[in-house]
Amino acid sequence: MTNRVSASAWKIVEVEKLLASNHCNTLTYLDAAGVACIRQFSEVRRDALAVIALLRKTGCPMEPGRRGAICGGPGYPWLLVAVACIMSGVEIVAAPELLTDHEMTASLDGLQLDFVASEKKYGTYESFAALPRTELDHLCEAIVDIEPADEPVGPAAFSVVAFTSGSTSGAKLKSFRVSAESTEAFIDTFCDAYHLTHDDNWVVCHPFSHVVHFEYAIGGLCRGYDVTIAEPLQVMLSGAQIRPSVLVTVPSVYQQMVTLIKRKLPKNGPRRALIDKLFEQSPADEEASSLAKDLQSVLLPEIARLLGDRLKVMIIGAAPSTEELKRTLVLMGLPVYEGYGMSETNMLASNLPGKYRFGTVGPVWPGVEIRLTDESIIQARVHPVRSKRYLNTARDECERTFLADGWVDTGDFGEIDDGLLRITGRAKEIIITDRGKNINPAAIQSKLQQIGGIGHAIVFGNDKPYLVAVLTPAEHDTTLDRDTVAAAVEAVNETLSTHEQVRDWLILSHPFTEASGLLTRSGKPRRSAIELRFAAELGALYE
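The notes below deal with the structure included here. From a predicted model like this one, the values you see are computed outputs, not experimental measurements.

Definitions and cut-offs
Within any chain, residue numbers begin from 1 and follow the written order of that chain's sequence. Where totals are concerned, whole chains, interfaces and linings use all residues; where local detail is concerned, this predicted model gives features only for residues with pLDDT of at least 70, and gives and counts side-chain atom pairs only at 80 or more. Working from all heavy atoms in the structure, the side-chain values ignore hydrogens and water. The way it works is that DSSP assigns letters per residue, a run of H or I at least four long becomes a helix, a run of E at least two long becomes a strand, and they are numbered from the N terminus. Exposure is judged per residue with a 1.4 Å probe applied to protein chains only, and the accessible area is read against the type maximum: over 50% gives exposed, under 20% gives buried, and values in between give partly exposed. Note on contacts: a residue pair qualifies if any of its non-hydrogen atoms lie within 4.5 Å across the two residues. One requirement defines pairing of two strands: DSSP has to find at least two bridges between them. Inter-axis angles, ranging from 0 to 180 degrees, are taken between N-to-C directions of lines fitted to C-alpha atoms, where helices are fitted over the stretch in contact. What makes a salt bridge here is a side-chain nitrogen of Lys or Arg within 4 Å of a carboxyl oxygen of Asp or Glu, nothing more. Stacked, tilted and edge-to-face are the three classes assigned to paired rings of Phe, Tyr and Trp, where Trp is represented by its six-membered ring and a pair needs centres within 6.5 Å; plane angles under 30 degrees give stacked, over 60 edge-to-face, the rest tilted. Throughout this description, the term charge over a ring refers to an Arg CZ or Lys NZ atom that lies within 6 Å of the ring centre and within 35 degrees of the ring normal. The criterion is simple. A nonpolar core is a set of buried Ala, Val, Leu, Ile, Met, Phe, Trp, Tyr and Cys residues joined through side-chain atoms within 4.5 Å.

### Brief notes about the side chain of T228
Within the element layout of this structure, T228 appears in strand β10 (residues 226-229). For T228, a relative accessible area of 4% corresponds to the buried category. Sequence-distant contacts of T228, defined by excluding residues within four places in its chain, comprise T28, L30, N201, W202, V203, V204 and I242.

### Structural notes on the side chain of T134
Residue placement: T134 occurs in strand β6 (residues 133-135). With relative accessibility at 5%, the residue T134 sits in the buried group. With near-sequence residues (within four places) excluded, T134 lies in contact with L54, L55, T58, C60, V116, A117, S118 and L139.

### Section: the sheet that holds strand β18 (residues 420-426)
Taken together, four strands build an open sheet; the order of strands is β15-β16-β17-β18 and the sheet is antiparallel. This sheet does not close on itself; its edge strands, each paired only once, are β15 (368-372) and β18. Each adjacent strand pair in this sheet contributes to an overall mean axis angle of 50°, direction not counted.

### Observations regarding the pattern of salt bridges
A full pass over the atoms with the stated rule returns 31 salt bridges. A salt bridge links E369 to R381; its shortest N-O distance comes to 2.9 Å. Of this pair, E369 sits in strand β15 while R381 is found in strand β16 (residues 377-382), placing the two residues 12 residues apart along the sequence. Each member of the pair, E369 together with R381, is buried. Among the salt bridges present, the one from R395 reaches E399, with a minimum N-O distance of 2.8 Å. With R395 and E399 both in helix α14 (residues 395-401), this residue pair falls four residues apart, about one helical turn. Relative accessible area serves as the criterion here: at 67%, R395 is assigned to the exposed category. E399 sits in the partly exposed class, given a relative accessible area of 42%. Among the ionic contacts, a cluster of salt bridges with common partners joins R357, E415, D417, D418 and R422.

### Considerations on the sheet that holds strand β23 (residues 502-507)
One open sheet accounts for three strands, arranged β21-β22-β23; its pairing is mixed. Edge positions in the sheet fall to β21 (454-460) and β23, since each has one partner strand and no second. The sheet shows a mean angle of 25° between the axes of neighbouring strands, direction not considered. With five bridges joining them, strand β22 (residues 467-473) and β23 adopt parallel strand pairing. Its bridge partner lying in β23, V470 is registered against L506. Contacts from helix α15 (residues 441-448) reach β21, β22 and β23, with the element oriented near 150° to β21.

### A look at the packing of aromatic side chains
What the rule picks out here adds up to 20 aromatic pairs. In textbook terms, an aromatic cluster arises when at least three aromatic residues are bridged by ring pairs, as seen for F186, F190, Y194, W202, Y216, Y225, Y337, Y356 and W365. Just above the ring of W407 sits the side chain of R371; from NZ or CZ to the centre is 4.0 Å. Just above the ring of F460 sits the side chain of R527; from NZ or CZ to the centre is 4.9 Å.

### Structural notes on the nonpolar core
Counting residues in each nonpolar core, the largest one holds 92 residues, and the members touching the most others are L27, F190, Y194 and F214. Here this core takes 11 residues from helix α3 (residues 76-88), the largest share from any one element. Other than its neighbours up to four places away in sequence, F214 contacts W78, L79, A82, I86, I92, F158, V160 and F208. In terms of nonpolar packing, the next biggest core, distinct from the first, is built from 33 residues, V253, L265, L278 and L300 among them.

This is the structure in structure tokens:
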């Protein structure tokens, strides 16, 4: 059995009192011009009470038992409405942005909304049409002259309906309800694991509809640490001014950071020679990793100029990342820790200071139990329980994920090595060729993604005689040379058994994006959408 986590000394439902009594911490957000706007926590409380008054004025029922959707990009207005809902006992529906009208309607199935706060562009959605609605776009300006509510109707309550990231094309996103106890335990465990204090600055740079990023922010407001809300691009352009202590983002953002840093490094000279020597080391070598951290300020001062000098932890996860990217980050001396979890369970494991092994996702977290099925599929049980079921799926589909006795089936293959968890593939992505060969594409895709310039490599071949792949460039405005790729693929094939070898491939001119519908909200490739989008081109590879 795993160790249980102790109850938190703070409670989210006490957010109003906690904000009022915190005179040390601040919330910072960057406006459209990139100018930092800093709010003391007491001012955040005042703004949230003003939002309650504004929502009531626009016909939104701010009282216990009601349910309001919030839809828009990450920003102070989104967070203010959420805090206003908690103070008023209103359930929050963290509606995913960038869905089509049809996908939004399908995803909100079964959720009776009482009002919506959304960006203007979502105001015409059928799901929101008949509801009282407040626009997020100019919320901060709107509350300047609003007299704050004397007090919420209350009692306060924390209830959030969240959504899965969406790995299939054209399907509704599954919704589930997150418990306050699990959020509080998660934030406490994270802060204890990485030695975070009230003086640290947690930078949140992804939409709050990815509920864990909302949890990072609400954790700061309640537990007490600085919170900065910024877009990933703003972090890269203004990181030295933002000075993050904590950064949790996806591999594609870290890849952009690495590219920016490398562009600023000297092209030759003694320092360049030392940098090249460092990059020849193995990231799995603890001495090399420690040396990289010690030498960073002297050998790679460009990092502090880009990201500031306060970094304690950078979590990489949510989507698969290449070994080369992780290797480079570690050898740059950055405090990068790979983590693993899913929306329905939150973090299950991560590498930690003193408990780190390159190539694994580290030890299982306190409050988490892990077991492997006979097929090596990871199942997890979390204490306190995060969620018990999907709200908008049939019972049989729900029970494929939420099992008996609180266990959750992750759908991922894994193995445990000396107490550390390693992810080896995704069960539902197993390819069965027309010869009956079962192939796990994860390892093949990982090898293809080591080829210079390749961002994503997605392998297909169900019911086909051989495997083919879709390859994308790592960055926009770059072109993959087919001859160079051919030679690299041939080298990869030499390391694979005959039935695992990739016989042909499609090279795209642009990376996958969330806007194109080919990446999930957490940055994972949507295999079914990719296969459907390029069905004709993939079919031609077999002719």
